[in-house]
Amino acid sequence: MNKLNLGVLASGRGSNLQAIIDACAAGRLPARVAVVISDNGNAFALERARRAGIPAVHVDMGDFPGKAEYERQIAGVLKEHGVDLVCLAGYMRLVGNGLLDAFPGRIMNIHPALLPAFPGLHAQEQAWCYGVKFSGCTVHFVDEGMDTGPIILQAVVPVYDDDTADTLAERILEQEHRIYPEAIRLFCEGKLEVRGRKVYIK
Ligand code: GRF
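Criteria and cut-off values
Residues numbered from 1 in each chain as written. Predicted model: local features only at pLDDT ≥ 70, side-chain atom pairs only at ≥ 80, totals over all residues. Heavy atoms only, no water. Pairing = 2+ DSSP bridges. Helix = DSSP H or I, 4+ residues; strand = E, 2+ residues; numbered from the N terminus. Phe/Tyr/Trp six-rings, centres within 6.5 Å; stacked < 30°, edge-to-face > 60°. Lys NZ or Arg CZ within 6 Å of the ring centre and 35° of its normal. Near = heavy atom within 4 Å. Polar contact = N/O pair within 3.5 Å; in protein donor to acceptor, adjacent residues only side chain to side chain. Areas by Shrake-Rupley, 256 points an atom, 1.4 Å probe, with all protein chains shown as cover. Nonpolar A, V, L, I, M, F, W, Y, C, P; charged D, E, K, R; others polar. Buried < 20%, exposed > 50% of the residue type's maximum accessible area, 1.4 Å probe, protein only. Contact = heavy atoms within 4.5 Å. Core = buried A, V, L, I, M, F, W, Y, C linked by side-chain atoms within 4.5 Å.

Novice: Before we move on, could you go through the pairing of strand 8 (residues 192-195) and cite the residues and values that matter?
Specialist: Strand direction decides the pairing type here: strand 8 and strand 9 (residues 198-201), joined by four bridges, are antiparallel. Bridge assignment links V194 to a residue of strand 9, and that residue is V199. Joining the antiparallel neighbours strand 8 and strand 9 is a turn of two residues, in which G196 adopts a positive phi near 65°.

Novice: I'd like a rundown of the packing of aromatic side chains, residues and numbers included.
Specialist: For any pair of aromatic rings, geometry is given as the distance between the ring centres together with the angle between the planes. Within the structure shown, the criterion is met by three aromatic pairs. Directly above the ring of Y200 sits R195, whose terminal nitrogen or CZ lies 4.1 Å from the centroid.

Novice: Residues and numbers for the site of the ligand, please.
Specialist: Close contacts around the ligand come from R13, G14, S15, N16, G90, I110, H111, P112, Q124 and E176, and that covers them all. Between S15 and the ligand, the recorded distance is 2.5 Å, taken from a side-chain N or O atom to an oxygen atom. A total of 370 Å² of accessible area belongs to the ligand in isolation, and the protein chains cover 87% of it. Among the elements of the structure, helix 1 (15-25) and strand 5 (107-111) are those that each provide at least two residues to the shell around the ligand. Looking at the shell around the ligand residue by residue, the classes come out as two nonpolar, six polar and two charged.

Novice: A description of the side chain of Q175 should follow, citing residues and the corresponding values.
Specialist: Looking at where Q175 falls in the secondary structure, it is placed in helix 6 (residues 165-188). Residue classification places Q175 among the buried positions, given a relative accessible area of 18%. In this view, Q175 contacts C137, A155 and V157; residues no more than four positions away in its chain are not counted.

Novice: Provide a residue-level description of the nonpolar core, including the pertinent values.
Specialist: By size, the foremost hydrophobic cluster in this structure holds 47 residues, and its most contacted members are L6, I20, V33, M108, I152, Y180 and I184. When residues of this core are assigned to their parent elements, the largest contribution, nine residues, is made by helix 6. The contacts of V33, once residues within four sequence positions are left out, are L6, V8, L17, I20, I21, C24 and I54. Within the second largest apolar cluster, 20 residues are counted, among which are V35, I37, I74 and L88.

This is the structure in structure tokens:
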């Protein structure tokens, strides 16, 4: 099977990026990470990419007059590297039309809650404060909304009485590292069919 080229967008520590890199290296994913892009020049994700010999590119929003131009630059870098699927992994910006139109149906995100509950920032803390008994994570396709696109995979974790937002986040992160590569694998193998809001796994 031909390997797909992944482009990963990450703003921070990049542990999901690492899980994807490791899954590719272990042969669990018929893909390679072709480029990692960050809007944050200090993101540890860029360092992880360099260590793995993957092109690491900082695109600074401040260098562009607006979001359209910034995203056009990112789309250009992704196309230059022949990217087939864009994976957001802790990318802290709402994706706009510049990227959505360049990669229609080809952008995924991982969110640390069971969507549609607790979208947006600090999802683990939102869930913990709310007092839910279960939370988890969601891999979904990206649309113009905030964490609203069609859901591909979810994993559930329990919330215990002695949890803090941090211990809950750790438990969720373990599952993120499992289901994100799995969702990407399904995409690479052509097993995801999107019909309206629903994603069917063939
Ligand atoms: C993860 O919790 C992810 O679900 C969210 O941002 C965090 C990124 O963590 N979108 P990392 O940079 O992958 O370690």
